[in-house]
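# Summary of structural features
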Amino acid sequence: MDPVRRALVRLLVPALCASAAVAGCAAPAPPAGAQVRRAVADWAAAPPRRLSGIPLEGWSYEVTSVRQDGARAFARAELRYRLAGYDAAPAGSARELMLARDGDGATWRVTADRPAPGAPPQPWDQGEVAVVRGAHSLVLGVGQSPRTLAEIAADADRAVPAASAAWPGPWPRRVVVLVPATLDAMAALLGRPADAYRGMGAVTTGATGGGPAPADRVVVNPEGYAQLSQAGRQIVLTHETTHVATRAATTARTPQWLSEGFADWAAYRDGPLGPAEAAPTLGRAVRLGDLPAALPEDGAFAFGGDQDAMARAYEGAWLACRLIAARWGDAALVRLYERAGREPLPTALDETLGTDLPTLTKAWQEALRTELG
């Protein structure tokens, strides 16, 4: 075809196709990928009705890829949502949607929604979610009795003021608690092996970093939590809630002995337990002559390792923060936490306590001998 004729064809065919007088001529159908994306957008316009009891807002699915397999299609998407009144930033979840062609064969409909391969599930993927609202808490439970969830909400409501008393800095002063049915379900929510959390009462999600706090969740291990006394449950929830409170001030610079010790200091500060009762594992080691040579390193707090070593690390970290508060004051401990997230620890110690790490370590060792020996 010569260039002139080709140009005429390009001009005339669209005009002919737009004309109703030309029978059998129609605009081409959009590609399957665009149809799938439109179907997902329509389906995800609002949260599913079965989640109506959860205060969800900002619910959306952003499709990242589409794969068609005959009459089926698979879409990878990122789910974003907030818990209204609790989340300062969206929670995220990688999802895989399955779609099938509708009866007319021209459109698609979503038939299933599940976690993307390798991604942790959402609580509602594990069963029907029961919701309990406390004065300062939102508890989402699966497979738990209403009484259990109400008791956990009451514990969380006491934990929030305790964390706020220890951490006067800005934070939402509300906490979200997830209570799965089993230890395995808890581990699935966190994307880790169950053995990493065995014996623990609860953990906190959320990445550290400056700026607005992310969508933190306290996740309860129902098996470990049930084995605790009432006082133990309160200590655990106050510890984890303090992590939520201090999240925006916690960075990769913050030593874990300070972040974990501060959370325990907040949990124990108004309670009746002293060092002998609250630090039994470290106490046994000290009495046997095994005095720590240094404040606990970050690796000592890793889940799934030596349980006795981890207990000694937590107890030693608490006693270090307890010593700082007793000698320099509660406000100085808070300032140290804030500065240690922004600058090297030696600088933070000098500017807030007027001391250095060797001097602090020596004072801590002396306190261990006195209080645990």
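None of the values given here were measured: they were computed from a predicted structure. (Residues numbered from 1 in each chain as written. Predicted model: local features only at pLDDT ≥ 70, side-chain atom pairs only at ≥ 80, totals over all residues. Heavy atoms only, no water.)

The next point concerns the packing of helix 7 (residues 256-268) against helix 11 (residues 330-340). Here helix 7 crosses helix 11 at 150°, and the two axes come no closer than 11 Å. Taken together, helix 7 and helix 11 sit at an angle that is classed as roughly antiparallel. Classified by chirality, the crossing of helix 11 by helix 7 is left-handed. Here L258, S259, F262 and W265 of helix 7 lie close against helix 11, whose contacting residues are D330, L333, V334, L336, Y337 and A340. (Axes fitted to C-alpha atoms, helices over the stretch in contact; angles between N-to-C directions. Helix = DSSP H or I, 4+ residues; strand = E, 2+ residues; numbered from the N terminus. Parallel < 35°, antiparallel > 145°, perpendicular 65-115°, else oblique. Left-handed = near helix turned anticlockwise from the far one by under 90°. Contact = heavy atoms within 4.5 Å.)

Among the structural elements, T355 can be located in the loop between helix 12 (345-353) and helix 13 (357-372). A relative accessible area of 12% places T355 in the buried class. Once residues lying within four places of it in the same chain are set aside, the contact partners of T355 are W328, L349, D350 and L360. (Buried < 20%, exposed > 50% of the residue type's maximum accessible area, 1.4 Å probe, protein only.)

This part is about helix 11. Regarding helix 11, the residues found buried are A332, L333, V334, L336, Y337 and A340. Packed against the buried residues of helix 11 are helix 3 (146-166), helix 6 (230-246), helix 7, helix 10 (307-328) and helix 12.

Note that strand 5 (residues 129-133) and strand 6 (residues 137-142) share five bridges and pair antiparallel. Within strand 6, the position partnered with A130 by the bridge is G141. As consecutive antiparallel partners, strand 5 and strand 6 are separated by three residues. (Pairing = 2+ DSSP bridges.)

Glancing now at the confidence of the model for the protein. Residues shown with low pLDDT carry predicted positions that ought not to be read at fine detail. Per-residue pLDDT for the protein averages 89, and the proportion of residues at 70 or more is 89%. Long-range and interchain partners of residues 3-29, a stretch whose pLDDT sits below 50, account for five contacts in this model, where long-range means more than four residues apart. (pLDDT = per-residue confidence, 0-100.)

Below, the discussion takes up the pattern of salt bridges. Summed over all chains, the structure comprises 17 salt bridges. Sharing partners across several salt bridges, the network here consists of R76, E96 and R114. (Salt bridge = Lys/Arg side-chain N within 4 Å of Asp/Glu carboxyl O.)

Looking now at the sheet that holds strand 2 (residues 72-83). If you trace the four strands from one edge of the open sheet to the other, you get 1-2-3-4, paired in antiparallel fashion. In this open sheet, the two edge strands, each paired with only one partner strand, are strand 1 (56-69) and strand 4 (108-115). In this sheet, adjacent strand axes meet at a mean angle of 30° when their direction is disregarded. In this sheet, strand 4 lies alongside strand 3 (residues 91-101) in antiparallel orientation, the contact comprising seven bridges. The residue of strand 4 that forms the bridge with L99 is V110.

With that out of the way, let us pick up the pairing of strand 6. For strand 6, the buried fraction is high: six of the six residues fall into the buried class. Residue alternation in strand 6 divides its side chains into two sets, S137, V139 and G141 and L138, L140 and V142, and both sets are buried. Here strand 6 pairs with strand 7 (residues 175-179) via five bridges, running parallel. Note that in strand 7 the partner of L138 across the bridge is V176.

Moving on to the side chain of E343. The residue E343 is located in the loop between helix 11 and helix 12 in this model. Among the polar contacts made by the side chain of E343, one reaches the side chain of R339 at a distance of 2.9 Å. (Polar contact = N/O pair within 3.5 Å; in protein donor to acceptor, adjacent residues only side chain to side chain.)

Before going further, it helps to examine the environment of Q230. Among the secondary structure elements, Q230 is positioned in helix 6. Taking relative accessible area as the criterion, Q230 reaches 44% and is therefore assigned partly exposed. Here the alpha-carbon distance between Q230 and D155, two residues 75 residues apart in the chain, equals 8.9 Å. Non-local contacts of Q230, meaning those with residues more than four positions away in its chain, are made with D155 and R158.

Turning next to the sheet that holds strand 7. What the five strands build is an open sheet, ordered 5-6-7-9-8; its pairing is mixed. Looking at the sheet topology across the chains shown, the edges are occupied by strand 5 and strand 8 (202-204). Sheet twist, expressed as the mean angle between neighbouring strand axes with direction ignored, is 20°. The strands touched by helix 4 (residues 183-190) within the sheet are strand 8 and strand 9 (218-220), with strand 9 carrying the most contacts at an inclination of about 155°.

Here we come to the packing of helix 9 (residues 280-287) against helix 10. Two elements in contact, helix 9 and helix 10, have axes separated by 7 Å at closest approach and are oriented at 95°. Taken together, the axis directions place helix 9 and helix 10 in an arrangement best described as roughly perpendicular. Residues P280, T281, L282 and A285 of helix 9 form the contact with helix 10, whose participating residues are D308, A311, R312, E315, G316 and L319. Here the residues of the contact of helix 9 with helix 10 sort into five nonpolar, two polar and three charged. (Nonpolar A, V, L, I, M, F, W, Y, C, P; charged D, E, K, R; others polar.)

What follows covers the packing of aromatic side chains. Across all of its chains, the model carries eleven aromatic pairs by this definition. Ring centres 5.1 Å apart and planes at 80° place the aromatic pair F301 and Y314 in the edge-to-face group. Here F301 is found in the loop between helix 9 and helix 10, whereas its partner Y314 is found in helix 10, with 13 residues between them in sequence. Of the two residues examined, F301 and Y314, each falls in the buried class. Grouped by ring-pair contacts, the aromatic residues W43, W59, Y61, Y81 and W124 constitute a single cluster. (Phe/Tyr/Trp six-rings, centres within 6.5 Å; stacked < 30°, edge-to-face > 60°.)

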